[in-house]
Structures are given as structure tokens and as C-alpha cells.
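Spelled out, the chains give:
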Protein chains: 2
Amino acid sequence: MELKLNRDTFTAFLLNSVPIAKAMGIEVESIENGQVVLSAPLLNNINHKQTAFGGSLHSVATLACWSFLHLKLLEAAQQEAPIVIVSSEISYLRPVSGDFLAICKAPNRDSWEMFLKVFQKKGKGRLQLSAEIIQGNQVCVTYSGTFVAIKKSI
Amino acid sequence: MELKLNRDTFTAFLLNSVPIAKAMGIEVESIENGQVVLSAPLLNNINHKQTAFGGSLHSVATLACWSFLHLKLLEAAQQEAPIVIVSSEISYLRPVSGDFLAICKAPNRDSWEMFLKVFQKKGKGRLQLSAEIIQGNQVCVTYSGTFVAIKKSI
């Protein structure tokens, strides 16, 4: 994935798009190599058990997937497309007791190509994306969200 | 449900337990009549489409359910019990374009009694709780989360 924006530009765009992400301390770590990596500090997202709040973990995973689709569509369709989240599922496998990453990796090639074909033809496409929350080397949370992108009329 | 804490005391407890809830502007509206109602302003949780960010909606729904279980266990078991969230699913039915409520209603009686029996006997119980996000009179989001409560050793 060759992305059209650099990391700093995209960070500013993301935090401007979703201001609560600033309070969560979210930063863009990487938008290269076919994946989006966001980070967040435990401190901003801590709960009374001294672990990360489940709602924050969900938020960072959602934003990783949203960012991935936004950037990938910019690259593939040469345009920004409003993206709506339809549904998501999250499993909290183990507590997050330190600063953490949310990683959204590219979906398989067939899914992406089918999505893009429908998006280009019908002006609207639906895609399922997955993310993981990583602390240290451990996967602590798995997330899957269904997103719809809508082509802007020209 | 007769609750052991009043609204202000519980609000302070909730915001102290999960500090990011302050940035989201979450307030406790009601902890009576067998349900927990939290509110949040659009402004704190807005996205670039001028609607509420999906991650914030998930956070407020999670906290409504967590609050319900915390308070109900205080009442039923006369003790605080650490609560862990295991998984959740959320469906975004329509955009939230104004201030909103998250309502967690009591599960059916059989589910609750089964949960409480297992919790009392084995020191650990698992319960599924549901919440809705309401704006105006419309249900905009449905949420379901699975929570585990662990009895503190005395």
C-alpha cells in the first residue's frame, strides 16, 4: 500500500476528524506496509483496575480500521469517500496493562477487490475489517468491524 | 432495583473509575427503576460528519452496562465485585446527531437469578447485558456485552 499522506498529515486529519481521539492520546505510528498502526497510552485510557478501559480499546481499534479504509480508498479510487460504521464485534482476551497499539491489516485480496468493484459500480461498498490491540508482543483484543463507504457525487 | 448509592455519589465513582468518561462528558441521569441511564453531549464526541463517533457510543453503552452490574451486585450480594468485560457487539442503526442517552435495562429474571446463583456458589459469574443509545425518541444503536463478575475473597 502506497499511501498518499504522510504520517504527520494523517495524524492531524484523524485528530481533527474525531476530537475525542486527542483526549485518548491516540497517535498514528505507521501507515505503511499495507497496514495502519495507531498507539495510545494507558494513562489516558486507564480504569480503576489500572488497565485500559474496554471502550477506549474499541475506539482505537475502530479508528485504525476507519483510517485504513480512508487511506486505501484515497489510493485506489483517488477520492475521499465518507465512511460509515455499521457494526462491530470485540473480544477482550486479556487485560491491557500498558501503552498499546491498534493494528488494522489489509483484508484478503479477494474481499478488497470485490468491495472496490461494487464501490466503483454502485457508488457504495461494504467491507469487513479486523484489528488487534497489541501490548508488548501479545494480542490482547481482537476486533472486527463492518464499514460502508459512499462515493461522493462529483 | 433499590440502589445503595445516590446519583451524585455514583457519578463521582464512575468518573473516578474511568477518567476518559469525563472527557466524553458522560453523566449519570438515573439509576432507578431497574435501569441505568447515562447521558453524553454530542459536542465532546463529535466526528467530522457532525455525528457521534462510534467508539464513544460504544464506550457509553459499555459504561451503562458496567454500572448496572456494579450497582445490582452491590444490592444483591452486599459487596463490590470486580467486573471484567469479555466481549461485545454493537450495531449502529442510524447516525446520532445530538446529545444522547445510553440505557441499560435489567436482563430477564431467569438470567439474573442464574448469574447470581453461580456467582454466589463459584465466586464468579457471567452475564450478558444489553444497552441502547437513544437520541430523541429513536433507538440509534443496540449494544450487547458479556461481563464477568468475580467475588472478592474476604
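Residues numbered from 1 in each chain as written. Chains lettered and ligands numbered in written order. Predicted model: local features only at pLDDT ≥ 70, side-chain atom pairs only at ≥ 80, totals over all residues. Heavy atoms only, no water.

Draft legend 1. Inspection of the packing of helix H1 (residues 7-17) of chain B against helix H3 (residues 54-77) of chain B at higher detail. Residues and elements named next belong to chain B. In contact at an axis separation of 12 Å, H1 and H3 are set at 120° when each is read in the N-to-C sense. Here H1 lies oblique to H3, going by the angle between them. Crossing of H1 over H3 shows right-handed handedness. Contacts from Phe10, Phe13, Leu14 and Ser17 in H1 reach Leu63, Trp66, Ser67, His70 and Leu71 in H3. In terms of residue class, the contact of H1 with H3 is made up of six nonpolar, three polar and no charged. (Axes fitted to C-alpha atoms, helices over the stretch in contact; angles between N-to-C directions. Helix = DSSP H or I, 4+ residues; strand = E, 2+ residues; numbered from the N terminus. Parallel < 35°, antiparallel > 145°, perpendicular 65-115°, else oblique. Left-handed = near helix turned anticlockwise from the far one by under 90°. Contact = heavy atoms within 4.5 Å. Nonpolar A, V, L, I, M, F, W, Y, C, P; charged D, E, K, R; others polar.)

Draft legend 2. Main features of the interface of chain A and chain B. Listed by partner, the interface residues are 31 residues for chain A and 31 residues for chain B. For the chain A and chain B pair, buried surface summed over both sides reaches about 2,300 Å², with 66% attributable to carbon and sulfur atoms. Three residues, Ile20(A), Phe53(A) and Tyr92(A), lead the burial of chain A against chain B; their summed loss comes to 24% of the area buried on that side. Our count for the chain A to chain B interface comes out at zero salt bridges. At the junction of chain A with chain B, the criterion picks out 10 residue pairs in polar contact (both at pLDDT 80 or more). For the side of chain A that touches chain B, the secondary-structure elements that each account for two or more residues are helix H2 (20-23), helix H3 (54-77) and strand E3 (83-92) of chain A. It is E3(A) that provides the largest number of residues to the side of chain A that touches chain B, a total of 10 residues. (Buried area = accessible area lost by both parts, 1.4 Å probe. Salt bridge = Lys/Arg side-chain N within 4 Å of Asp/Glu carboxyl O. Polar contact = N/O pair within 3.5 Å; in protein donor to acceptor, adjacent residues only side chain to side chain.)

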